[in-house]
There are 2 protein chains.
Amino acid sequence: MALLFSSKSDDVDRWRDILARELPDLDFRQWTPALDDVGDPADIEYVLAWGPKPGAFMGFPNLKCIFSLGAGVDHLIGRDLPPNVPVVRLMDPGLTRGMREYVLYWVLHHHRRFADYAEGQNKNRWQQYGQADTRTRRIGILGLGVLGLDAAAKLAALEFDVAGWSRSPKEVDGITTFHGKDGLTDFLCRTEILVCLLPLTPDTAGIINTETLSQLPSGAVVINAARGGHVVDDDLIRALDSGHVSAAVLDVFHTEPLPPEHPFWDHPKVTVTPHIASLTMPETAALVVADNIRRIRTGQPPEPIVDPETGY
Amino acid sequence: MALLFSSKSDDVDRWRDILARELPDLDFRQWTPALDDVGDPADIEYVLAWGPKPGAFMGFPNLKCIFSLGAGVDHLIGRDLPPNVPVVRLMDPGLTRGMREYVLYWVLHHHRRFADYAEGQNKNRWQQYGQADTRTRRIGILGLGVLGLDAAAKLAALEFDVAGWSRSPKEVDGITTFHGKDGLTDFLCRTEILVCLLPLTPDTAGIINTETLSQLPSGAVVINAARGGHVVDDDLIRALDSGHVSAAVLDVFHTEPLPPEHPFWDHPKVTVTPHIASLTMPETAALVVADNIRRIRTGQPPEPIVDPETGY
């Protein structure tokens, strides 16, 4: 009865300690590139993974569940996973807290022109800019999953004019909702600050491109805290250089770490953060995984299981 | 039946336009340093003011109310005002929105180490720092008036561990409250990020000083969005230089604009903003003043009238 931990970017010691406290009888094993021997493959019932090699989990006859170490599962799906083994996204209140903080901070940064005030201090210049009315500042959230809904609700509580877009129709108190390909243009046309919190799937890859950016009003701001694959980098740079998009805040990239020569690093209108919008913290996330293992042990399904149709 | 507008820093044209729309019969007069003639002094029933000269409003026999152009009234109180004329603070939902945005932004800035990430981008450096748990981040709000209560509630909604301090006892859902001189030490000892939103009165002047700063835990952050007079500047600089206080965000100063030679401008641990935490916007504030004038005309008291005992 063992769990196999497979990640190069997560803190294995903290995960081991907390899972040992939560589930003392769970045999915790680590799979590292240097150590390919995980013991008897028949022991492995659970996998806890970020970005495995394709086919890595095919040889475990008793595998019951693959747990993602992040909210997204694009780092797992399509990597030749064993069929009929449920894949479970990490739905962790700690992740939700971190993401709402990142989104609120960068929305407020642009809404209140804090970059201009920082520049003012650099020049010892006392200059006030006008203050836009929060109630007419139009924020648009791409993606109304757990993270998108939470960020939208918190922005609405600050009295921003918030809209959300999702694949299928959703009704949400306090925000205007749009859906599907047909709704995307209307959603973009009214969005001054765009926040991407979509899952990365074949449908959403490259969704931030020349066509969609051109539908935003002039001077719009783009914040991407989802996946680098949502953005066509060259298209975004062109929209920034033309001035149509006034600024971008990017936490995620096609290649991570972002290569030192990538133009985003030094672009004056781009803020780069190193995939920290919301870090998976074992202190909260391991409790969620432990709860799911307890559910499986008592015959209940873990939550939330990825739908192979939609990919999230 | 006239209103006298007396401010060098507010936009007289926007105020005149909105008040003309709200109260078409109100005679709007402007008092500027260049134009000391306000017509017949007996016409003046209302004054709308920021920082008048002492005694400026003594010669109006029919004055019914002095309205502050800001949330605070320290710019009015003690300036030889006519006795028995109520002074009314500006309690404007627009001011509340602006202040909560400023407080949330700077709390998140320090909570999530965004200055370190900006420095990382400057060096094209992909480096993640740990993410502190929001639920154990202890924020302390000095002052539980309308602005302090609102900021505290919004921070608590993000799941921060929020406490508040006020002169007299208050009970507030979701936050820990302290009061009076005796409660101040306990409040400071548990506060990692201190936010000052107090009124400036003889009791609160200089409240941020060597003694109170020394009671904060090492590495604390100080945010002052109230009045410059709350801070003993030299004491704060000493606490920053010693490292006991790790950073300060200051929106208000003893002298404004902050003089170019003041050490705050160039101090590496100080963020200076030019009194913009929450600007009075005529679009919302003039509606509040118009409502109060309607109240007075129909025999009701305006709100909120300053208590001469407490000075707020």
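Position numbers for residues count from 1 along each chain, tracking the sequence in the order it is written. To label them, take the chains in the order written and letter them from A, then take the ligands in the order written and number them from 1. Where totals are concerned, whole chains, interfaces and linings use all residues; where local detail is concerned, this predicted model gives features only for residues with pLDDT of at least 70, and gives and counts side-chain atom pairs only at 80 or more. Side-chain metrics rest on all non-hydrogen atoms present in the structure, leaving aside hydrogens and water.

### Here we look at the overall build of chain A
Which entries qualify depends on this criterion: In this text, helices come from DSSP runs of H or I with a minimum length of four residues, and strands from runs of E with a minimum of two, each type numbered from the N-terminal end. Throughout, radius of gyration means the C-alpha value; the globule benchmark is 2.2 Å times the number of residues raised to the power 0.38. Each residue is placed in one exposure class: buried if its accessible area under a 1.4 Å probe, protein chains only, is under 20% of its type's maximum, exposed if it is over 50%, and partly exposed if it falls in between. Residues count as neighbours in contact if any of their non-hydrogen atoms are within 4.5 Å of one another. Values of accessible area rely on a 1.4 Å probe in the Shrake-Rupley scheme; residue burial ignores everything except the protein chains shown.
In terms of helices and strands, chain A carries eight helices and 12 strands. Here chain A has a C-alpha radius of gyration of 21 Å; the compact-globule value for 312 residues is 20 Å, and the two agree. By its C-alpha atoms, chain A is 65 × 40 × 35 Å across when sized along the principal axes. Looking at chain A residue by residue over its 312 residues, the buried ones come to 57%. Taking the intrachain contacts of chain A between residues at least 6 apart in sequence as the baseline, contacts between residues at least 24 apart amount to 62%. Only carbon and sulfur atoms are counted for the fraction: they give 51% of the accessible area of chain A, which is about 13200 Å².

### A short note on the domain arrangement of chain A
All names here are of chain A. Basically, it comes down to this: An automatic or database domain assignment provides the domain bounds reported here. Computed with a 1.4 Å rolling probe, the buried area is the accessible surface lost when two parts are put together, summed over both parts. Salt bridges are defined by distance alone: a side-chain nitrogen of Lys or Arg within 4 Å of a carboxyl oxygen of Asp or Glu. Polar contacts, as counted here, are pairs of nitrogen or oxygen atoms within 3.5 Å of one another; within protein the pair requires one atom able to donate a hydrogen and one able to accept it, and residues that are adjacent in sequence qualify only if both atoms are side-chain atoms. Classes in brief: Ala, Val, Leu, Ile, Met, Phe, Trp, Tyr, Cys and Pro nonpolar; Asp, Glu, Lys and Arg charged; the others, Gly included, polar.
When cut into domains, chain A gives domain 1 (2–92 + 280–297) and domain 2 (93–272). Summarising the inter-unit geometry, the C-alpha centres of domain 1 and domain 2 are found 32 Å apart. Counting residues at the interface gives 11 residues for domain 1, matched by nine residues for domain 2. Here domain 1 packs against domain 2, burying approximately 760 Å² in sum over the two surfaces, 60% of which is carbon and sulfur. Remark: the boundary between domain 1 and domain 2 carries one salt bridge. Where domain 1 meets domain 2, there are four residue pairs in polar contact (both at pLDDT 80 or more). Of the residues that constitute the side of domain 1 that touches domain 2, the class distribution is five nonpolar, four polar and two charged.

### Points about the interface of chain B and chain A
Each partner contributes residues to the interface: chain B has 53 residues there, and chain A has 54 residues. Between chain B and chain A, roughly 4600 Å² of surface is buried when both sides are summed, and carbon and sulfur atoms account for 59% of that area. Joining chain B to chain A, the criterion identifies six salt bridges. Notably, a salt bridge pairs Arg97(A) with Glu159(B), separated by 2.8 Å at the nearest N-O pair. The set of elements that each furnish at least two residues to the side of chain B that touches chain A consists of helix 2 (93–111), helix 3 (114–122), helix 4 (146–157) and strand 12 (270–272) of chain B.

### Here's the deal with the sheet that holds strand 9 (residues 193–196) of chain B
Residues and elements named next belong to chain B. Put simply, the test is: Pairs of strands are assigned from DSSP output, requiring at least two bridges between the strands. Between N-to-C directions, angles cover 0 to 180 degrees, with each direction set by a line fitted to C-alpha atoms, over the stretch in contact for helices.
The strand order 8-7-6-9-10-11-12 describes an open sheet built from seven strands, whose pairing is parallel. Each having just a single partner strand, strand 8 (176–179) and strand 12 make up the two edges of the open sheet. The sheet shows a mean angle of 15° between the axes of neighbouring strands, direction not considered. As defined by bridge partners, strand 6 (residues 138–142) adjoins strand 7 (residues 161–166) across five bridges and the pair is classed as parallel. Residue pairing across strands places Ile 139 opposite Val 162, the latter belonging to strand 7. Along the sheet, helix 4 makes contact with strand 6 and strand 7, crossing strand 6 at roughly 170°.

### Focus: the pairing of strand 11 (residues 245–250) of chain B
All names here are of chain B. Put simply, the rule reads: Here, the term right-handed applies to a crossover whose path from the first strand over the helix to the second runs clockwise when the strands point away from the viewer.
The buried fraction of strand 11 is high, at five of six residues. Sheet analysis places strand 10 (residues 220–224) next to strand 11, joined by five bridges and oriented parallel. The partner of Val 222 across the bridge, within strand 11, is Ala 248. Assessed by its sense of winding, the connection that carries the chain from strand 10 through helix 7 (residues 233–242) to strand 11 is right-handed. Sheet topology note: the strand 11/strand 12 ladder contains three bridges and is parallel. Of the residues in strand 12, the one forming a bridge with Leu 250 is Val 272.

### Some details on the packing of helix 2 (residues 93–111) of chain A against helix 2 of chain B
Packed helix pairs are characterised by how far apart their axes lie and by the angle those axes make with each other. Applied cut-off: By the definition adopted for this analysis, an angle is roughly parallel if under 35 degrees, roughly antiparallel if over 145, roughly perpendicular if from 65 to 115, and oblique otherwise. Each crossing gets its handedness from the near helix: less than a right angle anticlockwise from the far helix is left-handed, clockwise is right-handed.
Packing of helix 2 of chain A against helix 2 of chain B brings their axes to within 9 Å, and their N-to-C directions diverge by 125°. Considering their axes alone, helix 2 of chain A and helix 2 of chain B lie oblique with respect to each other. The handedness of the crossing between helix 2 of chain A and helix 2 of chain B comes out as left-handed. Listed contacts from helix 2 of chain B to Glu101(A), Leu104(A), Tyr105(A), Leu108(A), His109(A) and His111(A) of helix 2 of chain A are Glu101(B), Leu104(B), Tyr105(B), Leu108(B), His109(B) and His111(B). Its residues assigned to classes, the contact of helix 2 of chain A with helix 2 of chain B comprises six nonpolar, four polar and two charged.

### Things to note about the relation of the copies chain B and chain A
Quick reminder of the rule: Each copy is superposed on the other by least squares, with the fit set by C-alpha atoms of residues at a pLDDT of at least 70 in both.
For the match of chain B to chain A, the screw axis carries a shift of 0.0 Å, the RMSD comes to 0.0 Å, and the turn is 180°. The relationship between the two copies is best expressed as a two-fold rotation axis. Nearest to the rotation axis, the C-alpha of Tyr105(B) is located 2.8 Å from it, this being the minimum over chain B. When you check the interface residues of chain B against chain A, 100% turn up at the interface there too, and the contact is symmetric in its surfaces.

### Structural notes on the sheet that holds strand 1 (residues 2–6) of chain A
Residues and elements named next belong to chain A. Sheet architecture is open: five strands sit in the order 2-1-3-4-5, paired in parallel fashion. Because the sheet does not close on itself, it has two edges, and the strands there are strand 2 (27–30) and strand 5 (87–88). Taken together, the two bridges between strand 4 (residues 65–68) and strand 5 define a ladder with parallel strand orientation. Pairing of Phe 67 across the sheet is with Val 88, part of strand 5. In the packing of helix 1 (residues 12–22) onto the sheet, contacts are made with strand 1, strand 2 and strand 3 (44–49), and the angle to strand 2 comes to roughly 170°. Contacting strand 1, strand 3, strand 4 and strand 5, helix 8 (residues 282–297) crosses the sheet at an angle of about 165° to strand 4.

### Focus on the pattern of salt bridges
When charged atoms on two side chains of opposite charge get close, those side chains can pair. Residues and elements named next belong to chain B. As enumerated under the stated definition, the model contains 46 salt bridges over all chains in all. With a shortest N-O distance of 3.1 Å, Asp 161 and Arg 190 are connected by a salt bridge. Of this pair, Asp 161 sits in strand 7 while Arg 190 sits in the loop between helix 5 (180–189) and strand 9; the two residues are 29 residues apart in sequence, bridging distant segments of the chain. Under the relative-accessibility criterion, Asp 161 is labelled partly exposed at 27%.

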